[in-house]
Amino acid sequence: MATNGGNGTRAVGPRCVALVGPFQSGKTTLLEAILARTGAIQRQGTIEAGNTVGDSSKEARHHRMSVELTVATTNFMGDNYTLLDCPGSVEFVHDMRAVLPAIDAAIVVCEMDEKKIPQLQLILRELEDWKIPRILFVNKIDKGNAAVRDVLNLLQPASRTKLILRQIPTFSGDIITGFVDLALERAFVYKEYAPSQVVPLEGDAADLEKTARFSMLETLADHDDELMEQLLEDIQPPRDKVFDDLRRELRDGLVCPVLMGTAARANGVLRLLKALRHESPGVADTAKRLGVKSGSDAVGYVLKTMHTTHGGKMSVVRMLAGQAGDGTTFLTDDDEAGRVAGVFKLVGQSSEKRGPAAVGESVSFAKLEKAKTADTLSAGKQPHPPLAKVAPYPPVLAIAISAKERKDDVKLGQALNRLAEEDPSITIVHNPETHEIVLWGQGEMHLRVATERLGDRYGIAIERRSPSVGYRETIRKSIVQRGRHKKQSGGHGQYGDVVLEIKPRPRGAGFSFEEKITGGVVPRNYIPSVEEGVIDALKHGPLGFPVVDLHVALIDGSYHTVDSSDMAFRTAGRIGIVEGLPQCQPVLLEPIHLVEIVCPNEATAKINALMSGRRGQILGFDTREGWDGWDMVRAKMPEAEIGDLIVEIRSATAGAGTFTFKFDHMAELTGRTADQIIAARRAAE
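Residues numbered from 1 in each chain as written. Predicted model: local features only at pLDDT ≥ 70, side-chain atom pairs only at ≥ 80, totals over all residues. Heavy atoms only, no water.

## Here we look at the overall build of the protein chain
Here is step 1 of the chain: Each helix and strand in the protein chain was counted, giving 19 helices and 32 strands.
Here is step 2 of the chain: Seen through its C-alpha atoms, the protein chain measures out along the principal axes to roughly 110 × 60 × 50 Å.
Here is step 3 of the chain: For the protein chain, the proportion of its 685 residues judged to be buried stands at 53%.
Here is step 4 of the chain: If you take every contact in the protein chain between residues at least 6 apart in sequence, the share linking residues at least 24 apart comes to 73%.
Here is step 5 of the chain: Across the protein chain, the centroid of the 84 positively charged side chains sits 4 Å from that of the 91 negatively charged ones. (Helix = DSSP H or I, 4+ residues; strand = E, 2+ residues; numbered from the N terminus. Buried < 20%, exposed > 50% of the residue type's maximum accessible area, 1.4 Å probe, protein only. Contact = heavy atoms within 4.5 Å. Lys, Arg positive; Asp, Glu negative; His and termini not counted. Charge placed at Lys NZ, Arg CZ, Asp CG, Glu CD.)

Shown next, in the form of structure tokens:
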């Protein structure tokens, strides 16, 4: 049973901890080191050798990066830990964002790399917003050498919470050989793939330790008057008191401890695990933070949805109250999620069947067909109120896809639904006008991995291309045009005759139709058919696009008592428009969107230049509210130029910038660009 004796004692019971951090900072390597150190795997694999527990999917191995969440459960000193290795790339960030509500703590893996500070800030902001206790693990310190001394100066701007050094490195020349633990007041020397060894604390290291420890205690004393008095009176606080303060202030979100090491050599891993064991909160705190009703039946939160080849749909669930196992029926807040058909323990891609899941445990439940990622599951008679809502970021890049072979069309639809279930940050749009399936995602690699999965997992060969831009056309000149349809062939003929007045309307005013018939020259019952014919003809104008912003009036015509019919007048209306529009000075219209880009302010000048180079009209830029060191640039930009805009924004901002856009208006487009678009349309037809 998970208990938590207040902030002064160690939380016990199963823990759930996320490994998060900027792209390529070493999260998957750290997971591997933790699993090896805790005996969950026999030896530590490497990304280069392609034998790690994380990144084990074909796509992750191929691109040498995390493209989805990896879940691994292990045991350390009698405590059960589920570790969630989250992708660092901004394109796959939804996997991280979806798990955050239900974790107890996060290990933020980062490097001494100034270029990655904006990415680190984005991740810390998410954790701060969810009030997740977090420990910063500065990785690859063997490469950071003397710069590690400046760790707080470099990393503090990324965090709104005060960073607090728990360790300082010890050096031999410029090489880091170990560390001093400031809370324990002990020096350690690193050993390759083995626990660090305690060494005497003496010389320069002892002097540096005194200064660094005092600085740590001062920060802790900001939130503890008793400790402040002890420091002012030069009394050494008891070690237990220091650990209690570290534990309480971490859990209350007042400080963020900083540890360091090199995951590839397993240096610093044991110290990190001990900090997690003694200082991080447990499921009781997490349930309280999320507002889980006390005395509830089983309550769980869906961290991730997966479709497996043999086991079908699997839902990775963190249990926040009660217990659940085979046969448990879960409700979501709006439906029945389904009945559990098997409980599994996960270590990467491998799973093994196990018994019921107790509170605090994270397991995989089979066959919860209607459960979605970020759903709250409850086994009571009434659904539990949703614990969290995690909406994906708006998509920023699109491709149009189709199956190479027509026989795969149905299979493609089913596969896309599964992809979107596994990754809610993918959006599928069926464009009825162009008959395209448009896949929207978070970037180039995100969409590439999605299409690779369609091939690898579902055996569907895909063709991909740029989606059609929503061009329209309109007219500049008014005319009056007759449309006559007369056909004689044995028996009843066909006869419809109309005179149409066609006029331009203001931009954005749309289409309107009126009848000004006098003397019944066109009988009332045929007028709706004339309008239908007109609307039909406007779907494809003389330039090849739908026609908008015009007024059509039926002003005259004639009919035949026997040969006239709805069909004949519909055809006459269509003929009038098809023959009339080319004489109305048709002009191309392109959609213009309002674009808002957020970026670190050192990249603002690059972003402004980028906008101008894409026919963007810059409306202005301002500091981003609540974000130190960030700007927001606003511009109006043609839809055609937005296509791969995200690729250039990410390139200009070391992967940290992004944008949102919404339709603003249609604007006339003339000249060479318009000619090329019209020519391309005609060639395609």
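There's more to say after this.
## Observations regarding the pairing of strand β5 (residues 134-138)
Here is step 1 of the chain: Of all 5 residues in β5, 5 are buried; the element is thus mostly enclosed.
Here is step 2 of the chain: Where strand β4 (residues 105-110) meets β5, 5 bridges bridge the pair, whose relative direction is parallel. Bridging from a neighbouring strand, Val-108 pairs with Leu-136 of β5.
Here is step 3 of the chain: On the question of chirality, the crossover connecting β4 to the parallel β5 by way of helix α4 (residues 117-130) is right-handed.
Here is step 4 of the chain: As judged from the 3 bridges shared by β5 and strand β11 (residues 255-260), these two strands associate in the parallel manner. Bridge assignment links Leu-136 to a residue of β11, and that residue is Val-258. (Pairing = 2+ DSSP bridges. Right-handed = clockwise from strand over helix to strand, strands pointing away.)

## Quick look at the packing of helix α14 (residues 527-538) against helix α15 (residues 566-580)
Here is step 1 of the chain: Here α14 crosses α15 at 40°, and the two axes come no closer than 7 Å. On the basis of the axis angle, α14 is oblique to α15. Pair α14 / α15 crosses with right-handed handedness. Facing Ser-529, Val-530, Glu-532, Gly-533, Val-534, Asp-536, Ala-537 and Leu-538 of α14, the residues of α15 in contact are Asp-566, Phe-569, Arg-570, Gly-573, Arg-574, Ile-577 and Val-578.
Here is step 2 of the chain: Taken together, the residues that form the contact of α14 with α15 break down as 7 nonpolar, 3 polar and 5 charged. (Axes fitted to C-alpha atoms, helices over the stretch in contact; angles between N-to-C directions. Parallel < 35°, antiparallel > 145°, perpendicular 65-115°, else oblique. Left-handed = near helix turned anticlockwise from the far one by under 90°. Nonpolar A, V, L, I, M, F, W, Y, C, P; charged D, E, K, R; others polar.)

## A closer look at the side chain of Arg-247
Here is step 1 of the chain: Here Arg-247 lies in helix α9 (residues 239-251).
Here is step 2 of the chain: At a separation of 3.0 Å, a polar atom in the side chain of Arg-247 contacts the side chain of Asp-244. (Polar contact = N/O pair within 3.5 Å; in protein donor to acceptor, adjacent residues only side chain to side chain.)

## Some thoughts on the sheet that holds strand β21 (residues 427-431)
Here is step 1 of the chain: The sheet built from 4 strands is open, its strands ordered β21-β22-β20-β23 with antiparallel pairing. Two strands lie at the open edges of the sheet, namely β21 and β23 (462-465), each paired on one side alone. Shown here is a sheet whose adjacent strand axes are inclined to one another by a mean of 35°, direction ignored.
Here is step 2 of the chain: Helix α12 (residues 409-422) rests against β20 (397-403), β21, β22 (436-441) and β23 of the sheet, and its axis sits at about 145° to β20.

## Section: helix α18 (residues 645-652)
Here is step 1 of the chain: Among all positions in α18, only Leu-645, Ile-646, Ile-649, Arg-650 and Ala-652 are buried. For α18, the angular spread of buried residues about the axis comes to 165°, placing them on one side.
Here is step 2 of the chain: Where the residues of α18 are buried, they touch β20, β29 (586-600), α16 (604-613), β31 (630-638), α17 (639-642) and β32 (658-669).
Here is step 3 of the chain: One or two positions beyond α18, positive phi appears at Ala-654, with a value near 50°. (Arc of directions from axis to C-beta.)

## Comments concerning the packing of aromatic side chains
Here is step 1 of the chain: Considering all chains together, one arrives at 8 aromatic pairs under this definition.
Here is step 2 of the chain: Taking 5.6 Å as the distance between ring centres and 40° as the angle between the ring planes, the aromatic pair formed by Phe-179 and Tyr-190 counts as tilted. One end of the pair, Phe-179, is in strand β8 (residues 175-181); the other, Tyr-190, is in strand β9 (residues 186-191), and 11 residues separate them in sequence. Residue Phe-179 shares its accessibility class with Tyr-190, and that shared class is buried. (Phe/Tyr/Trp six-rings, centres within 6.5 Å; stacked < 30°, edge-to-face > 60°.)

## Focus: the pattern of salt bridges
Here is step 1 of the chain: Taken as a whole, this structure holds 57 salt bridges when the rule is applied.
Here is step 2 of the chain: Linking Arg-614 and Asp-644 is a salt bridge whose minimum nitrogen-to-oxygen distance equals 2.8 Å. In this pair, Arg-614 sits in the loop between α16 and β30 (617-623) while Asp-644 sits in the loop between α17 and α18, placing the two residues 30 residues apart along the sequence.
Here is step 3 of the chain: Asp-644 gets classed as partly exposed once you look at its relative accessible area, which sits at 40%. (Salt bridge = Lys/Arg side-chain N within 4 Å of Asp/Glu carboxyl O.)

## Points about the nonpolar core
Here is step 1 of the chain: Membership of the largest hydrophobic core comes to 73 residues, with the highest contact counts inside it found for Val-20, Leu-84, Ile-103, Leu-127, Leu-136 and Leu-155.
Here is step 2 of the chain: Those residues in contact with Val-20, other than ones at most four positions away along the chain, are Lys-27, Cys-86, Met-96, Ala-106, Ile-107, Val-108, Val-109, Ile-123 and Leu-127.
Here is step 3 of the chain: Core analysis: the second largest hydrophobic core is formed by 33 residues, Leu-439, Leu-447, Ala-450 and Ile-597 among them. (Core = buried A, V, L, I, M, F, W, Y, C linked by side-chain atoms within 4.5 Å.)

## Description of the sheet that holds strand β7 (residues 167-172)
Here is step 1 of the chain: If you walk across this open sheet you meet the 4 strands as β7-β8-β9-β10, and the pairing is antiparallel. With partners counted over all chains shown, the strands left at the sheet margins are β7 and β10 (194-199), one partner each. Between one strand axis and the next, the sheet turns through 35° on average, direction left out of account.
Here is step 2 of the chain: Pairing geometry for β9 and β10, over 4 bridges, is antiparallel. Across the sheet, the residue bridging to Val-189 is Gln-197, located in β10.

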